[in-house]
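Listed below are the residues making up each chain.
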Amino acid sequence: MMESKLLAAKTMDGKLESTGKVCVTGASGFLASWLIKRLLLSGYHVIGTVRDPGNEKKSAHLLRLEGARERLRLVKADLMEEGSFDDAIMGCHGVFHIASPVMKSSSDPKAEILEPAIQGTLNVLRSCKKNPSLRRVVLTSSSSTARARDDFDPNIPLDETSWSSVELCERLQIWYALSKTLAERAAWDFCNQNGIDLVTVLPAFVIGPSLPPELCSTASDVVGLLKGETEKFQWHGRMGYVHIDDVALCHILVYQHEAAFGRYLCSSTVVDNNELASLLAARYPSLPIPKRFEQLNRPYYELNTSKLESLGFKFKSIQEMFDDCIASLVEQALIYMSATCS
Ligand SMILES: NC(=O)c1ccc[n+]([C@@H]2O[C@H](COP(=O)([O-])OP(=O)(O)OC[C@H]3O[C@@H](n4cnc5c(N)ncnc54)[C@H](OP(=O)(O)O)[C@@H]3O)[C@@H](O)[C@H]2O)c1
């Protein structure tokens, strides 16, 4: 994957020796499931936290992963229960904190989105603090923690120094972006005060095959787009996109790479939804992709991902991420296509 300065021990012939034990929170989710697949393939022992280990429908896909029988254990933990992550995290060298509510609307955003994201992150970090084996925490943040602002120069791509405006998120009631921004800020404060080595990953909109049988919020928006619905995708406006496998590989890279520090934007390509729709319509002529979206009054932006690329990372293209995503949706009979892509 990537060269040089990895934290994991190497044998004389350069292969990874023991990659150690790591915890992944929110294991049964879209992104966490893919990360666990990649971690198991790389030889890690993984403790995955789920809210209900008895729910076979939500965990069966994890238990089928290569290496899962020998090296995956699922443990019960809830973001809103103090100390709930202690057992899962104790003895782990690394923690990938991924669990966070991903929903756009809520009748009670404070209780359903903000508190689990912010207090839940602090709850996980308090368990990390109790663990003497801990080497590094990787927090899954979001590009929405950097781009929800209206005071920047559109000619200068946003980089990791950019933070979303809390005031703007509150005013426009963008609860998800607000929850991720406040959770990441709280994580930095806590880790700086308590000497925890933290690295954060800021993925753009994640595209790719879904391992969980139930589609998460963003994956179901993509299905809607491919079925010709404009309503949900309209709202996304201009957006960065990234392959799910790249997001998983990025998490592992910044965990392993000795020199990784701070925040990492993780996005392959930023496009307007009209550009995305015409690209997809040309590539998949048999799908009823919407012709045009209403243009929203949002600032133009690009994302500068040179910090991640300087670690040797290369992104898959927007075509590749949608090819893989669409192939898996067809296989799962979630969309139907009469012809192959051009
Ligand atoms: N998908 C994207 O495009 C995207 C982009 C940028 C960042 N991210 C970030 O990536 C992470 C994963 O998102 P995803 O897209 O994979 O969505 P997802 O499938 O909905 O995953 C969210 C996970 O969080 C868990 N969770 C929510 N509330 C919880 C609570 N109170 N206690 C314990 N676990 C809780 C969920 O558990 P249950 O399964 O039990 O509900 C689920 O496993 C999130 O941090 C999200 O902000 C996603």
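Residues numbered from 1 in each chain as written. Predicted model: local features only at pLDDT ≥ 70, side-chain atom pairs only at ≥ 80, totals over all residues.

Note the cut-off: UniProt positions are given in the numbering used here, feature names are shortened, and annotations may be inferred rather than shown by experiment.
The protein chain is annotated in an unreviewed UniProt entry as NAD-dependent epimerase/dehydratase domain-containing protein of Carya illinoinensis. Looking at the protein chain in UniProt, the text filed under Sequence similarities (unreviewed entry) is "Belongs to the NAD(P)-dependent epimerase/dehydratase family. Dihydroflavonol-4-reductase subfamily."

1. Considering the site of the ligand
Rule in force here: As a rule, any residue with its backbone-derived C-beta atom within 6 Å of a molecule or strand is reported as near that molecule or strand. Only DSSP runs of H or I with at least four residues qualify as helices, and only runs of E with at least two residues qualify as strands; both kinds are numbered from the N terminus onward. Under the scheme applied, nonpolar residues are Ala, Val, Leu, Ile, Met, Phe, Trp, Tyr, Cys and Pro; charged residues are Asp, Glu, Lys and Arg; polar residues are all the others, including Gly.
Around the ligand, the surrounding shell holds 26 residues, and the nearest of these are Gly 26, Gly 29, Phe 30, Ser 100 and Cys 216. Broken down by secondary-structure element, the contributors of at least two residues to the shell around the ligand are helix H1 (30-41), helix H5 (109-129) and strand S7 (205-207). Top element by residues in the shell around the ligand is H1. It accounts for 3 residues. Here the shell around the ligand is built from residues that sort into 14 nonpolar, 8 polar and 4 charged.

2. With respect to helix H12 (residues 273-283)
What counts here: Three classes are used. A residue is buried when 20 or more other C-beta atoms lie within 10 Å of its own, exposed when 12 or fewer do, and partly exposed in between, with C-beta atoms placed from the backbone. Directions drawn from the helix axis to the C-beta atoms are what define this arc. In this description, any two residues whose backbone-derived C-beta atoms lie within 7 Å of each other are considered to be in contact.
Taken together, the buried positions of H12 are Asn 273, Leu 276 and Leu 280. Angular distribution of buried residues about the axis of H12 spans 60°; they occupy a single face of the element. Tucked inside the fold, the buried residues of H12 contact helix H10 (231-236), strand S10 (269-271) and helix H14 (318-331).

3. Some thoughts on the sheet that holds strand S2 (residues 45-50)
This is how the line gets drawn: At least two DSSP bridges between two strands are needed for those strands to be called paired. What counts as an axis is a line fitted to C-alpha atoms, over the stretch in contact for a helix, and the angles between N-to-C directions run from 0 to 180 degrees.
Judged by pairing direction, the sheet is parallel, and its 7 strands sit side by side in the order S3-S2-S1-S4-S5-S6-S9 without closing on themselves. One side of each edge strand has no neighbouring strand; the edge strands of this open sheet are strand S3 (72-76) and strand S9 (262-266). Along the sheet, successive strands turn relative to each other by an average axial angle of 20°, direction set aside. As defined by bridge partners, S2 adjoins S3 across 5 bridges and the pair is classed as parallel. Bridging from a neighbouring strand, Val 50 pairs with Lys 76 of S3. Against the sheet, helix H8 (residues 175-194) makes contact with strand S5 (136-140) and strand S6 (198-203), and its axis sits at roughly 165° relative to S6, the strand it touches most.

4. Here we look at the packing of H5 against H8
Applicable threshold: Any angle between 65 and 115 degrees counts as roughly perpendicular, while under 35 counts as roughly parallel, over 145 as roughly antiparallel, and the rest as oblique. In this scheme the handedness of a crossing depends on how the near helix is turned from the far one: anticlockwise by less than a right angle means left-handed, clockwise means right-handed.
Contact pair H5 / H8: the axes reach a minimum separation of 9 Å and the direction vectors enclose 20°. Taken together, the axis directions place H5 and H8 in an arrangement best described as roughly parallel. Read as a crossing pair, H5 and H8 show a hand that is right-handed. Contacts between H5 and H8 pair Pro 109, Ile 113, Leu 114, Ala 117, Ile 118, Thr 121, Leu 122, Leu 125 and Lys 129 from the former with Trp 175, Tyr 176, Leu 178, Ser 179, Lys 180, Leu 182, Ala 183, Ala 186, Ala 187, Phe 190, Cys 191 and Asn 194 from the latter. For the contact of H5 with H8, the residue count by class is 16 nonpolar, 3 polar and 2 charged.

5. Quick word on the pairing of S5
Taken across its 5 residues, S5 has 5 buried, putting it largely inside the fold. Of the two faces of S5, the one lined by Arg 136, Val 138 and Thr 140 and the one lined by Val 137 and Leu 139 are each fully buried. As judged from the 4 bridges shared by strand S4 (residues 94-97) and S5, these two strands associate in the parallel manner. Bridge assignment links Val 95 to a residue of S5, and that residue is Val 137. In this structure, S5 lies alongside S6, joined through 4 bridges in parallel fashion. Within S6, the residue paired with Val 138 across the bridge is Val 199.

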